[in-house]
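A look at the structure
Here are the chains, one letter per residue:
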Amino acid sequence: TTAGNFFCVDCGPGKYNTILGASSESNCIDCGAGKYSSSSGASSQSSCSDCAAGKFSSSVGATKESSCDDCAAGTFSNVTGATNSSTCSVCSEGTFSNMKGATGIDSCSQIVTAASKGNSMFVIIAILGSAVTLVLLSYFQTSRLSKKALKSALASIVPV
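Residues numbered from 1 in each chain as written. Predicted model: local features only at pLDDT ≥ 70, side-chain atom pairs only at ≥ 80, totals over all residues. Heavy atoms only, no water.

Here we come to the overall build of the chain. Across its full length, the chain holds one helix and 13 strands. For the chain, the N- to C-terminal ordering of α and β elements is β-β-β-β-β-β-β-β-β-β-β-β-β-α. A buried classification covers 26% of the 160 residues belonging to the chain. Taking as baseline every contact in the chain between residues at least 6 positions apart, the subset at least 24 positions apart corresponds to 47%. Total accessible area on the chain stands at roughly 10100 Å², and carbon and sulfur atoms take up 54% of it. (Helix = DSSP H or I, 4+ residues; strand = E, 2+ residues; numbered from the N terminus. Buried < 20%, exposed > 50% of the residue type's maximum accessible area, 1.4 Å probe, protein only. Contact = heavy atoms within 4.5 Å. Areas by Shrake-Rupley, 256 points an atom, 1.4 Å probe, with all protein chains shown as cover.)

As structure tokens, this is what we get:
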């Protein structure tokens, strides 16, 4: 400060202060784990944003959304503001997710199941994506499409 000029200093990003007339930077409170704030001068905890679903952070006083880590591939979480990876649930047996930061069980896709009977082949593909479950039941005549061509086509639709 210069003589006669006084000013208030904002709490930095990742912090907030609820005290009117605070006299020290030590009155600035860190955003908790699972939260972040890029704003300066925040006056309430509500200025700290939750890490999005599919993410978590154990960091206190985080200043960027990028401080939130993704749940690993093969896991998902619909929890916001998660503070550690224990909120990331594992895809169940027979399913997979190659996507980091998945937000729901619908991100885990089922593996293709195929059965043949005589010269006909029935194929069930269950692809679980974002908010919609799509179950596709198709009937293929093996006389028109060889099993090798069918497997190739399926591999391009559903990664296994």
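What follows deals with the environment of Lys15. Its location among the elements puts Lys15 in strand β1 (residues 15-16). When the C-alpha positions of Lys15 and Ser40 are compared, they lie 7.5 Å apart, and in sequence the two are 25 residues distant. Sequence-distant contacts of Lys15, that is, excluding residues within four places in its chain, are made with Cys28, Ile29, Asp30, Cys31 and Ala42. Here Asp30 takes part through its side chain, which lies 2.6 Å from a polar atom of the side chain of Lys15. (Polar contact = N/O pair within 3.5 Å; in protein donor to acceptor, adjacent residues only side chain to side chain.)

Before going further, it helps to examine the state of the cysteines. Inspection of every chain in the model, using the stated rule, returns five disulfides. A sulfur-sulfur separation of 2.0 Å characterises the disulfide bridge that pairs Cys71 with Cys88. With the S-S dihedral at roughly -75°, the linkage between Cys71 and Cys88 falls on the left-handed side. On the criterion of sequence distance, the pair formed by Cys71 in the loop between β6 (69-70) and β7 (75-76) and Cys88 in the loop between β7 and β8 (89-90) is long-range, its members being 17 residues apart. Each member of the pair, Cys71 together with Cys88, is buried. (Disulfide = S-S within 2.5 Å.)

Here the focus is the confidence of the model for the chain. For the chain, per-residue confidence averages 76 on the pLDDT scale, and residues scoring 70 or more make up 64% of the total. Across residues 120-143, where pLDDT falls below 50, the model places 59 contacts with residues more than four positions away in sequence or in other chains. (pLDDT = per-residue confidence, 0-100.)

A few words now on the layout of surface pockets. Roughly 360 Å³ of volume is contained in the largest pocket. Along the walls of the largest pocket sit 15 residues, with Val9, Asp10, Cys11, Asn17 and Ala22 positioned nearest its centre. Tallied by class, the residues present in the lining of the largest pocket amount to seven nonpolar, six polar and two charged. (1 Å grid on protein atoms, 1.4 Å probe; cavity = no way out; pocket = protein on both sides within 12 Å on 5 of 7 lines; lining within 4 Å. Points joined across faces, edges and corners; volume = space filled by probe spheres on them. Nonpolar A, V, L, I, M, F, W, Y, C, P; charged D, E, K, R; others polar.)

Turning to the pattern of salt bridges, a few remarks are in order. Counted according to the given criterion, the structure contains three salt bridges. A salt bridge links Asp50 to Lys35, with the shortest nitrogen-to-oxygen separation between them at 2.5 Å. In this pair, Asp50 is assigned in strand β4 (residues 49-50) and Lys35 in strand β3 (residues 35-36), connecting sequence segments 15 residues apart. Asp50 sits in the partly exposed class, given a relative accessible area of 35%. The salt bridge involving Lys55 is made with Asp70; its shortest N-O contact spans 2.5 Å. A residue pair is termed long-range when its members are at least 10 positions apart, and Lys55 in strand β5 (residues 55-56) and Asp70 in strand β6 qualify at 15 residues. What makes Asp70 partly exposed here is its relative accessible area of 34%. (Salt bridge = Lys/Arg side-chain N within 4 Å of Asp/Glu carboxyl O.)

By the secondary structure assignment, Cys8 is in the segment before β1. For Cys8 and Ala22, which are 14 residues apart along the polypeptide, the C-alpha to C-alpha distance reads 9.2 Å.

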